[in-house]
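Residue-level structural notes
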Amino acid sequence: YLAGLDAAASQDPIAIGKIRVEAAQAKQNLVSTQKLPVMNKNLYCYTRQLGCYSQLFAHSNEIPEALKTQELILQRYQHFLSLTDYKTLENDTFSGRTLPYPYLMRGNLLLRLQAIQTAHSGYANLAIADLQKEISQISSLLNQDESVLGQMIFLNVLQADIDLIAIIAQKYKTPFSPIAP
């Protein structure tokens, strides 16, 4: 599924991923897909970038439109998180560079934007609960991933979610349960 996460809206991510894996194993060219809509630049920043979260909160009025235009990638990301049979399929012919990790990162950003919108609507506790659920799912994926690149991506996602939980808790004065290891 992850290998086809960036499939065009009219394409099935599982089918595209399967073609990519088979093509890589056969050392053929990989299937090219259409690009999904570009992200609003006001809502796209690196979490380690100084002022990133301030920028996201400052442009929270733009979040609903971004979530609408990026709905497909958010749906695919949430579906990916729900899978329980994740397995790294990398080998010498299928490197992490062929997997659409940027789309995985965008899915996480969209989920965080959704949490910001939820907190801004007066439901900070629900936003934190949603982020904690994602942390649990990502932790499970991290434990199953055998590739260094995949593990780095998942650790980056965890760090971003933990940071946002702390920011929401402080900004909206919302207590939360400790995150289980």
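Residues numbered from 1 in each chain as written. Predicted model: local features only at pLDDT ≥ 70, side-chain atom pairs only at ≥ 80, totals over all residues. Heavy atoms only, no water.

As for the state of the cysteines
This structure, assessed with the given rule, holds one disulfide. Shown here is the disulfide that connects Cys45 with Cys52, its sulfur atoms set 2.0 Å apart. Its torsion about the S-S bond being 70°, the disulfide of Cys45 and Cys52 is classed as right-handed. Just as Cys45 is buried, Cys52 falls in that class too. (Disulfide = S-S within 2.5 Å. Buried < 20%, exposed > 50% of the residue type's maximum accessible area, 1.4 Å probe, protein only.)

Quick word on the packing of helix α4 (residues 71-82) against helix α6 (residues 124-144)
The contact between α4 and α6 brings their axes to 9 Å, and the two run at 60°. One finds that α4 runs oblique with respect to α6. Viewed along their axes, α4 and α6 form a crossing whose handedness is left-handed. Two secondary-structure elements touch here, α4 through Tyr77, Phe80, Leu81 and Ser82 and α6 through Glu134, Gln137, Ile138 and Leu141. A per-class count over the contact of α4 with α6 returns five nonpolar, two polar and one charged. (Axes fitted to C-alpha atoms, helices over the stretch in contact; angles between N-to-C directions. Helix = DSSP H or I, 4+ residues; strand = E, 2+ residues; numbered from the N terminus. Parallel < 35°, antiparallel > 145°, perpendicular 65-115°, else oblique. Left-handed = near helix turned anticlockwise from the far one by under 90°. Contact = heavy atoms within 4.5 Å. Nonpolar A, V, L, I, M, F, W, Y, C, P; charged D, E, K, R; others polar.)

Topic: the environment of Asp130
Summarising the element assignment, Asp130 is placed in helix α6. Overall, Asp130 belongs to the partly exposed group, its relative accessible area being 38%. Remark: the alpha-carbon pair of Asp130 and Arg112, spanning 18 residues in sequence, is separated by 9.1 Å.

Details of the pattern of salt bridges
According to the stated counting rule, one finds one salt bridge in the structure shown. With a shortest N-O distance of 2.7 Å, Asp6 and Arg20 are connected by a salt bridge. Here Asp6 is found in the segment before α1 (13-25), whereas its partner Arg20 is found in helix α1, with 14 residues between them in sequence. For the pair Asp6 and Arg20, one class covers both residues: buried. (Salt bridge = Lys/Arg side-chain N within 4 Å of Asp/Glu carboxyl O.)

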